[in-house]
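Residues per chain, in single letters:
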Amino acid sequence: MKLKHLLLAVLMGFTSMYANADKISLIADIHVNPGNHREEKLKQVINDINNNDTELVVLAGDLTDEGSDEQLKNVKSILDLIKKPLFVIPGNHENNWSQSACKTFFDIWGNDRFVTETENLIIVGINCGPYMKMGDGHVKHEDLLWLDKTLAERTKSGKKVLSICHYALNPDLDSYREYLSILSKYPVVAHLNGHYHQYKNYRASNVEVCHCRSLEMGKKEPTFGYSIVDITTDSVKIFEKTLNEAKNIKIGFKIDCETVAPLAESENLDTNVPANFKIELAYRDDASIFTRLGVDKDNIYFGNSLGFVKSVNKKSGKLNWSYKTTAGLFSRPAVAKKHVIIPCADKQIIWLDKKTGKVAFEKSAKGPYVADGIIVGNTLYQGGYKVFQAWDVNKAQLKWELNDLNNYCQAAPAFDKDKVAFGAWDTYLRKVDAKTGVLDWKWFNGKERNMLGPGNCVPVIANDKVIVVAPDRYMTAVDWETGKQIWRDNSHKYRESLGRSVKGDKVYAKTMDGEIVCVSTEGNTFKELWLTDAGLGYEHAPCIVLEHDGVVYAGSRRGIIAALDANTTQLLWRKQVGASEINGFEVDNKGDVYVSLVEGSIWRISKRISLVL
């Protein structure tokens, strides 16, 4: 096969002595769903690959649109037509909206990372998130440790390294600096990625980076194809191979290498923290944390990406106990008097003894669970996949369940007057009777796409209305009794971050521009009370907004906490405690505020009374 379409030729200055070339086929962003037009195009690409001279095939993420079990199994059946070794990593579309909380991908392909070797090359692929909620890309902490250890051992042979991920080495990946610092230690010839549906080449520090094409590229006259990576002694060449070469408008096009080295330091957005606030690291885990925290008088409870549930003493910062489940955890542990209850991604709910971490009850249920539950009295209200349930906390028995859902719940519900309100990724907001589970009403925002509904918003109930925000960029007030829409507002770029004032007279929303909007819950018309720029920049983290002890707290996708005075509306301080998304805020019985970050750290904010002498 003669390839005419040279897109990239970057001289790497290798000093190794090998003479043979390594060739791989790279497919990315195929977005194949059952019955869509890309199915046939993917089969044609596979036929082309089976007849070319490459050694192996890598699929660099975004196999599907929503990562559902049906979609993943369908694309697997097509990929089985490939007659060469195949290595697959997920993309944001598999990680963010997975029906199985990312478990089905593991079940089908065995892992979400890989390492393989050719005669001359080490090829390593790694997952990138974001995991089960809107956020930036994120390489899990344990995967970074694995990457460093793997390359340290394998490069002893003198082989070069080819790095592959769905995301690039840029700020779209919150952990890219740590990722890059590891790659920079080893003889990496290039880092290849998908995600952007285009070709682009640049240098990050001392690593060459190239975005590669998607299966379908271009809107007016789309082409279908893939990339062939040809690595020789002194160069890395990336060729575009299209199914219809006559329509290839990139013949002879060469991408100039844009140098970005050394990397600029991240912008410091911190302000001075007043003396009456203390911000301190409470615990650092050895894995990533996707859950909010459960807290009680003495301990912090959380789940990590390796499936461990952990209890940490607040005072000493030492681990009390840990318990291993079979899949990564996304739901906040629900803290009861005697037990901590763990909704799992492996379709179980587990009751652990708070003191020992030993299993008290283990129930097979209708998960996977990625939503946060709430305990009211002796009842746990918990959303799952296509189900919402009420569990007896003490007896570990199911009281009732609602099967009216057509997708999963992701956020915590809200409770008021023996009623429960919750959103789901089937576009609906629902209100049910807390004792029976009977549906009172469900409200639809008019958008057919699931991902534009209130699936990951904790509703605010106040003044006889329930208020939500959603990715359709509207804030909506619905009548608590009837479910009829009272008002909708899109004067700001709302998304999924919302919170209630202590008195219930106000609701706070974080916008995609990093602002905090305060809206009155009184009356039947939209009334904005104030707007303050929290200095967070572009925002999409679904972290709740918390009002506590006269302070409004907001968290960002970049590990920034902003604190505003609830009375004056002025920014009190802003502090970056990490590089990754803040999962949420929790308040303990002492009034301390706790936050967890995706990168695996837990922080405590203490506010003390200032003494004036």
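Note that the structure is a prediction, hence the values are computed from the model and not measured.

S.K.: How should the nonpolar core be read in this particular structure?
M.R.: Nonpolar side chains tend toward joint burial in soluble globular proteins. Of all hydrophobic cores here, the largest spans 26 residues; its most connected members are Ile126, Leu147, Leu151, Leu169, Leu173, Tyr179 and Leu183. Elements with a contribution of two residues or more to this core: β6 (121-126), α5 (141-154), β7 (160-165), α6 (176-183), β9 (200-204) and β10 (207-211). Looking at this core element by element, the count peaks at 5 residues for α6. The contacts of leucine 147, once residues within four sequence positions are left out, are Val124, Ile126, Tyr179, Ile182 and Leu183.

S.K.: Before we go on, may I ask you to explain the packing of α5 against α6 in this structure?
M.R.: What describes two packed helices is the angle between their axes and the distance between those same axes. Viewed as axis vectors pointing N to C, α5 and α6 meet at an angle of 10 degrees, and their least axial separation amounts to 10 Å. Regarding the angle of α5 to α6, the classification is roughly parallel. Note on element contacts: α6 touches α5 through Glu178, Tyr179, Ile182 and Leu183, opposite His141, Leu144, Leu147, Asp148 and Leu151. Looking at side-chain class alone, the contact of α5 with α6 contains 6 nonpolar, 1 polar and 2 charged residues.

S.K.: Would you explain the packing of aromatic side chains in this entry?
M.R.: For any pair of aromatic rings, geometry is given as the distance between the ring centres together with the angle between the planes. Applying the stated criterion across every chain, the model contains 19 aromatic pairs. Relative to phenylalanine 422, the ring of phenylalanine 388 lies with its centre 4.0 Å away and its plane at 5 degrees, an arrangement referred to as stacked. Of the two residues, phenylalanine 388 sits in strand β26 (residues 387-392) while phenylalanine 422 sits in strand β29 (residues 419-423), which places them 34 residues apart along the sequence. On the accessibility criterion, phenylalanine 388 (1% relative accessible area) is buried. The positively charged end of lysine 41 is found above the aromatic ring belonging to phenylalanine 224, 4.9 Å away from the centroid. Cation over ring: arginine 488 sits above tyrosine 474, and NZ or CZ is 4.0 Å from the ring centre.

S.K.: Sorry, what's going on with the sheet that holds strand β42 (residues 560-565) here?
M.R.: For sheets, the rule is that strands pair by backbone hydrogen bonds, running either parallel or antiparallel. Ordered by their spatial adjacency, 4 strands build an open sheet running β40-β41-β42-β43, and the pairing between neighbours is antiparallel. Edge strands, defined here as strands with exactly one partner in the open sheet, are β40 (546-548) and β43 (571-576). Direction aside, the axes of adjacent strands within the sheet are offset by 20 degrees on average. Note that β42 and β43 share 5 bridges and pair antiparallel. Within β43, the position partnered with alanine 562 by the bridge is arginine 574.

S.K.: Quick question: what am I supposed to make of empty space enclosed by the protein here?
M.R.: Taking a probe equal in size to a water molecule and rolling it over the atoms shows the remaining empty space. For the structure on display, the rule yields 6 cavities of 30 Å³ or more. Around the largest cavity, the lining comprises 25 residues; the ones closest to its centre are Lys133, Arg292, Asp372, Gln410 and Asn456. Listed by contribution, the elements that provide at least two residues to the lining of the largest cavity are β36 (494-500) and β44 (582-587). Taken together, the residues of the lining of the largest cavity sort by class into 14 nonpolar, 6 polar and 5 charged. Forming the walls of the second largest cavity are Pro130, Tyr131, Lys133, Met134, Gly135, Asp136, His138, Asp174, Phe290, Glu581 and Val598.

S.K.: How should I be thinking about unusual backbone geometry in this particular structure?
M.R.: Leave glycine aside and you will find that most residues have negative phi; peptide bonds, for their part, are mostly trans. A cis amide bond links glycine 129 with the next residue in sequence, proline 130, at an omega value of -10 degrees. In this structure, proline 130 sits in the loop between β6 and α5. Unusually for a residue other than glycine, asparagine 463 sits at a positive phi of about 50 degrees. Position of asparagine 463 relative to the elements: it lies in the loop between β32 (460-462) and β33 (465-469).

S.K.: What am I meant to see in the side chain of glutamate 240 here?
M.R.: Structurally, glutamate 240 is set in strand β13 (residues 235-242). Polar contacts involving the side chain of glutamate 240 include one to the side chain of arginine 213, which spans 2.6 Å.

S.K.: Before we go on, may I ask you to explain the packing of helix α1 (residues 38-50) against helix α2 (residues 69-79) in this structure?
M.R.: The geometry of α1 relative to α2 is characterised by a closest axis approach of 10 Å and an angle of 30 degrees between their N-to-C directions. Regarding the angle of α1 to α2, the classification is roughly parallel. Of the two possible hands of crossing, α1 and α2 adopt the one that is right-handed. From α1, Glu39, Leu42, Lys43 and Ile46 reach across to α2, where they touch Asn74, Val75, Ile78 and Leu79. Split by residue class, the contact of α1 with α2 holds 5 nonpolar, 1 polar and 2 charged.

S.K.: In this structure, what is going on with α2? I would like to understand it.
M.R.: At 3.6 residues per turn, the α-helix brings residues three or four places apart onto the same side. The set of residues buried in α2 consists of Asp69, Gln71, Leu72, Asn74, Val75, Ile78 and Leu79. Tucked into the core, α2 has its buried residues touching α1, β3 (56-60), β4 (86-89), α3 (92-95) and α4 (103-109).

So, how was this worked out
Residues numbered from 1 in each chain as written. Predicted model: local features only at pLDDT ≥ 70, side-chain atom pairs only at ≥ 80, totals over all residues. Heavy atoms only, no water. Core = buried A, V, L, I, M, F, W, Y, C linked by side-chain atoms within 4.5 Å. Buried < 20%, exposed > 50% of the residue type's maximum accessible area, 1.4 Å probe, protein only. Helix = DSSP H or I, 4+ residues; strand = E, 2+ residues; numbered from the N terminus. Contact = heavy atoms within 4.5 Å. Axes fitted to C-alpha atoms, helices over the stretch in contact; angles between N-to-C directions. Parallel < 35°, antiparallel > 145°, perpendicular 65-115°, else oblique. Nonpolar A, V, L, I, M, F, W, Y, C, P; charged D, E, K, R; others polar. Phe/Tyr/Trp six-rings, centres within 6.5 Å; stacked < 30°, edge-to-face > 60°. Lys NZ or Arg CZ within 6 Å of the ring centre and 35° of its normal. Pairing = 2+ DSSP bridges. 1 Å grid on protein atoms, 1.4 Å probe; cavity = no way out; pocket = protein on both sides within 12 Å on 5 of 7 lines; lining within 4 Å. Points joined across faces, edges and corners; volume = space filled by probe spheres on them. Polar contact = N/O pair within 3.5 Å; in protein donor to acceptor, adjacent residues only side chain to side chain. Left-handed = near helix turned anticlockwise from the far one by under 90°.

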